[in-house]
Amino acid sequence: MSSAIQNLVNQPYKHGFVTDIETETVPKGLSEDVIRLISKKKNEPEWLLDFRLSAYRHWLTMEEPAWASVSYPKIDFQDIIYFAQPKPKKQLASMDEVDPELKRTFEKLGVPLHEQKIMAGVAVDVIFDSVSVTTTYKAKLAEVGIIFCSFSEAVHQHPELVKQYLGSVVPSGDNFYAALNSAVFTDGSFCFIPKGTKCPMDLSTYFRINTEGSGQFERTLIIAEEGASVCYLEGCTAPQFDTNQLHAAVVELVALDNADIKYSTVQNWYAGDENGKGGIFNFVTKRGLCKGINSKISWTQVETGSAITWKYPSCVLLGDNSIGEFYSVALTNHLQQADTGSKMIHIGKNTRSRIISKGISTGRSSNSYRGLVKIGSRATGARNYSQCDSMLIGDNCGANTFPTIDVQNVTAQVEHEASTSKIGEDQMFFFAQRGIGSEEAVSMIINGFCKDVFVHLPMEFAVEATKLLGLKLEGSVG
Amino acid sequence: MINKGGKVLLEVKNLKAEVDGVEILKGVDLTVRAGEVHAIMGVNGSGKSTFSKVLAGHPDYTVTGGTATFEGKELFSLAAEERARAGLFLAFQYPVEIPGVSNSALLRLAYNTLQNERGLEELDPLEFEDLVHEKIKVVEMDPSFLDRSVNEGFSGGEKKRNEILQMAILEPKLAILDETDSGLDIDALRIVANGVNSLLTADNAVVMVTHYQRLLNYIVPDYVHVMDAGRIVRTGGKELALELEARGYDWVRAAA
């Protein structure tokens, strides 16, 4: 491996700063008392406390999953701060009231918080540590009946909706991390698109973990009623700490008849240093329920950060003719480990799904695709197409593909394709001989490799993703 | 021998190079002037391909002695991409496939990189399309190849024609053709040779590395060099190639 490729991948993490802001935290550790305290601090109704406590009791009986192709020291769940929020805590009516230090943080991150960028037309909910800092554009969305607010606010303003849908896609005891999240989640985004409404702008949530030793457990719930549609973007960063931070989020999507939800993520959590010290453990459960006929849910993700990624955005295709899609680029460098993929559960008739997964590994990292395509016995005419491509840069990284296909209906059509390729020295020399430098060459190869996924990202995200991959790979070739 | 008297493009003196600690080039001398066509011939393992890769800056090879200048510049102080931008072009013996990267995108990036280097305007995709559609006629390629990934699924002949298309776009001062004739049927050989001939001017030069005389029927060299055991052991005019074809290499090697 030429050292140019090596240099190109070893670009330092630029979101690794810590914001000096006063934070209110609850003591480390987890117990029913801590959960009651969180619930009380958030002034929650009784039913939500019950939801948390039952999840917690279930969680106590569960074991951490060990089947993923990742290894890490055992997590001490008593050594985590489960709640941290910027002080002072008060309701913010306008952007002007946001702590200036916090504003500067988001400016550094390039989050479009201030007015002129808001003119650009993206509504943003910002989650800093565990608390939703601000939701922009709320009033304008409310005019067309769209609710876009922090999860806490939704609990108070729209309890009937939260109660109806919370846990309806990812039950509180679904898996170890989902149960943990259900017990301790602190905030997140809530989005409701009423019947027949096309959301007039992209909605966006920006997640940031700031406090050392804290976990982030946010909860996102998006509901698109009959004929509604929405495009939702999620971005994530964290400061650089030597200790690992736990991120265990749950995202639930519900699409009713003829509804359409498109959910895009660019994940750039801190990945740890080149020796694998520090970084985010990203253990996330994301699932969409295509509940109604002709409904459609599409996941697009670009995963570049996190020390460990354990994440399988999934679609449950319940409604007849419903469609599930998963487009993913996962990049790992240094000692990062990613075990990611998708699950497509076909229940309704003529349901269709598509999985396009692109894994890029370099350094000493490990990158696995893990997927499940399940065709139920009633899913007559169901179809799936999966394509999993891996690209290796250098000789010390690894890529795996673990597809599982379970078909119980003879009319189903399931296709799976996989490939592995390598950026070789000969390719790099070819580019050089045509006058093209190594960074441009790698970026061209990577963009070519990922274009089937990038075309599904919203324009500005596609630009960001391209830049991000370039940055992450900078210094790795040569 | 003809000396066309153009300015010196490449001057190599006593070049030594090794790969994995094994010395392959053991003192090569070669001078190439503008307007000249050279052929380097020799048996397998004589060092012909190594010589072309060393000049282009392949990272597997280490220069252990001697000098090379390109238009007066110290060649070995330049990185591979700088040599390319200075006008040194290598047509590969085994062109690599680049999945996902379209031929036209690669050509445009390479062309615009060079335009920048020369202080000229970059071409936008539409302007470039006009240029490339003109140039592609040189190698009689179907324009549909422009939208395909670089060399992916191309036949051997198509790959070699694609190399010459790149040469046509980049208009190098010195083109080294590394066994461009290998694996070509007679029609493809004619097309490639016509392409190269059409690009020759009084200001540029070509060095062909080949086993066989047949390419030289189409691209007629001013000089033929025989390489053996890492040295150029004999230099002559185009008739030397015919003599090699008739008598083989042994007599030259014995004489060396």
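Residues numbered from 1 in each chain as written. Chains lettered and ligands numbered in written order. Predicted model: local features only at pLDDT ≥ 70, side-chain atom pairs only at ≥ 80, totals over all residues. Heavy atoms only, no water.

1. So, the interface of chain B and chain A
Note the cut-off: Contacts are assigned to residue pairs that have any heavy atoms within 4.5 Å of one another. We define buried area as the total accessible area lost by two parts upon association, computed with a 1.4 Å probe and summed across both. Just to be clear on terms, a salt bridge is a Lys or Arg side-chain nitrogen sitting within 4 Å of an Asp or Glu carboxyl oxygen. In protein, a polar contact means a hydrogen-donor-capable atom and an acceptor-capable atom, both N or O and within 3.5 Å, with residues adjacent in sequence counting only if both atoms are side-chain atoms; elsewhere, any N or O pair within 3.5 Å suffices. Where helices and strands are cited, they refer to DSSP runs of H or I of at least four residues and of E of at least two residues respectively, numbered from the N terminus.
In this complex, chain B contributes 30 residues to the contact, which on the side of chain A involves 17 residues. Between chain B and chain A lies a buried interface of about 2,100 Å² when both sides are counted; carbon and sulfur atoms form 67% of it. The interface formed by chain B and chain A contains one salt bridge. Measuring nitrogen to oxygen at the nearest pair gives 2.8 Å for the salt bridge that ties B:E163 to A:R434. At the junction of chain B and chain A, the tally comes to nine residue pairs in polar contact (both at pLDDT 80 or more). Taken together, the elements giving at least two residues each to the side of chain B that touches chain A come down to α1 (48-56), α2 (80-85), β6 (88-91), β7 (98-102), α3 (103-117) and α5 (156-170) of chain B. In terms of residues, the side of chain B that touches chain A owes the most to one element, α3(B), which gives five residues.

2. Some words on the packing of helix α4 (residues 125-135) of chain B against α5(B)
Residue and element names in this part refer to chain B. Worth spelling out the cut-off: Interaxial angle, 0 to 180 degrees, is taken between N-to-C directions of lines fitted to C-alpha atoms, where a helix line uses only the stretch in contact. Any angle that is under 35 degrees is reported as roughly parallel, and any over 145 degrees as roughly antiparallel; angles of 65 to 115 degrees are reported as roughly perpendicular and all others as oblique. We call a crossing left-handed when the near helix sits turned anticlockwise from the far one by less than a right angle, and right-handed when that turn is clockwise.
Relative to each other, α4 and α5 sit at 125 degrees, their axes nearing to 10 Å. Regarding the angle of α4 to α5, the classification is oblique. Of the two possible hands of crossing, α4 and α5 adopt the one that is right-handed. When α4 is examined against α5, the residues F128, L131, V132 and K135 are found in contact with a partner set consisting of L165, A168 and I169.

3. Observations regarding the environment of A:F190
Residues and elements named next belong to chain A. With respect to the helices, strands and loops of the structure, F190 is situated in strand β6 (residues 189-193). Here the alpha-carbon distance between F190 and I223, two residues 33 residues apart in the chain, equals 8.4 Å. Among residues more than four places away in sequence, those in contact with F190 are I147, F148, C149, S150, F151, A154, L161, V162, L221 and I223.

4. Re the pattern of salt bridges
Any two side chains of opposite charge can pair if their charged atoms end up close together. In plain terms, the rule: Throughout this description, buried means an accessible area under 20% of the type-specific maximum (1.4 Å probe, protein chains only), exposed means over 50%, and partly exposed covers the range between.
Evaluation of the coordinates by the stated rule reveals 25 salt bridges over all chains. For A:R57, the salt bridge identified is with A:E32, shortest N-O distance 2.9 Å. Of the two residues, A:R57 is situated in helix α3 (residues 46-60) and A:E32 in helix α2 (residues 32-41); the sequence distance between them amounts to 25 residues. Owing to a relative accessible area of 43%, A:R57 belongs among the partly exposed residues under this scheme. Residue B:E243 is joined to B:R247 by a salt bridge in which the shortest nitrogen-to-oxygen separation is 2.8 Å. Highlighted residues: B:E243 and B:R247, both in helix α8 (residues 238-247), separated by four residues, approximately one helical turn. Each of A:E32, A:R36 and A:R57 takes part in a single network of salt bridges with overlapping partners.

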